[in-house]
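Each chain is listed here by its residues.
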Amino acid sequence: MIRTIDITNVIAVDLRSRSTVHDLLLLIQNSGEKKVVLDFSKVEFATRSFVDEFYNVFIKKPVAGVDIKFENMPDDLVKMLEVVKQTQNGKPSQEKIADAESFDTVEDFCNYCSQLAF
């Protein structure tokens, strides 16, 4: 049997918190179901942090022993998942930081700061 879960009944119409992803995971794991459909049809908003955690918990490392499908996912949520996927799969970029100043004493640092134009 396939269980359909309206994600807005479990969390809310606004998906904001990383911790709610783990609440959803616990619900699914404790349900005993082997096939679950997550219905996103009533979702109005999702934060990047929610989507990032959702990606890591449900897509990057799928739940063992449970076949989970996603249904009626809004276009903006699909796009955000794609952005998150792109940031997850590569090595973090290391931007070059400008040459750093070093100081021997706090007084040297204070003198340096007093010369900066703000």
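These numbers were taken from a predicted model, which means no experiment stands behind them.

Some thoughts on the overall build of the protein chain
- When helices and strands are tallied, the protein chain shows five helices and five strands.
- Secondary structure elements of the protein chain occur, N-terminal to C-terminal, as β-α-β-α-β-β-α-β-α-α.
- Scaling as 2.2 N^0.38, a compact globule of 118 residues should have a C-alpha radius of gyration of about 13 Å, whereas the protein chain reaches 22 Å, well beyond that.
- Along the first, second and third principal axes, the C-alpha set of the protein chain runs to 70 × 30 × 25 Å.

Some points on the pattern of salt bridges
- Enumeration according to the criterion identifies five salt bridges in this entry.
- For Arg-18, the salt bridge is made with Asp-52, and the minimal N-O distance between the two is 3.1 Å. Here Asp-52 lies in helix H3 (residues 48–60) and Arg-18 lies in helix H2 (residues 18–31), a separation of 34 residues in the sequence.
- One salt bridge connects Asp-67 with Lys-69, and the closest N-O pair in it is separated by 3.4 Å.
- Several salt bridges share partner residues, and in doing so they unite Arg-18, Asp-52 and Glu-53 into one network.

Side note on the nonpolar core
- In this structure, Ile-28, Leu-38, Phe-40, Phe-50, Phe-54, Phe-58 and Ile-68 are the most contacted members of the largest nonpolar core, which totals 25 residues.
- Residue assignment for this core shows that the elements contributing at least two residues are H2, strand S3 (35–39), H3 and helix H4 (75–89).
- Among the elements that make up this core, the one with the highest residue count is H3 (six residues).
- When sequence neighbours within four positions are dropped, the list of residues in contact with Ile-28 reads Ile-5, Val-36, Leu-38, Phe-58, Val-66 and Ile-68.

Things to note about the confidence of the model for the protein chain
- Per-residue pLDDT for the protein chain averages 89, and the proportion of residues at 70 or more is 91%.
- Across the protein chain, element-level confidence peaks in S3 with a mean pLDDT of 97 and bottoms out in helix H5 (residues 106–115) with 88.

Re the packing of aromatic side chains
- One pass over the full model with this rule turns up seven aromatic pairs.
- Ring geometry for Phe-103 against Phe-109: centres 5.4 Å apart, planes inclined by 75°, an arrangement best described as edge-to-face.
- We classify Phe-103 as partly exposed; its relative accessible area is 31%.
- In this structure Phe-109 comes out as partly exposed when scored by relative accessible area, which is 41%.
- By way of ring pairs, the aromatic residues Phe-40, Phe-50, Phe-54, Phe-58 and Phe-70 are connected into one cluster.

So, unusual backbone geometry
- The backbone of Asn-72 shows a phi angle near 60°, a positive value even though the residue is not glycine.
- Note on Asn-72: relative accessible area 45%, which makes it partly exposed.

The rules we used
- Residues numbered from 1 in each chain as written.
- Predicted model: local features only at pLDDT ≥ 70, side-chain atom pairs only at ≥ 80, totals over all residues.
- Heavy atoms only, no water.
- Helix = DSSP H or I, 4+ residues; strand = E, 2+ residues; numbered from the N terminus.
- Rg over C-alpha atoms; globule rule 2.2 N^0.38 Å.
- Salt bridge = Lys/Arg side-chain N within 4 Å of Asp/Glu carboxyl O.
- Core = buried A, V, L, I, M, F, W, Y, C linked by side-chain atoms within 4.5 Å.
- Buried < 20%, exposed > 50% of the residue type's maximum accessible area, 1.4 Å probe, protein only.
- Contact = heavy atoms within 4.5 Å.
- pLDDT = per-residue confidence, 0-100.
- Phe/Tyr/Trp six-rings, centres within 6.5 Å; stacked < 30°, edge-to-face > 60°.

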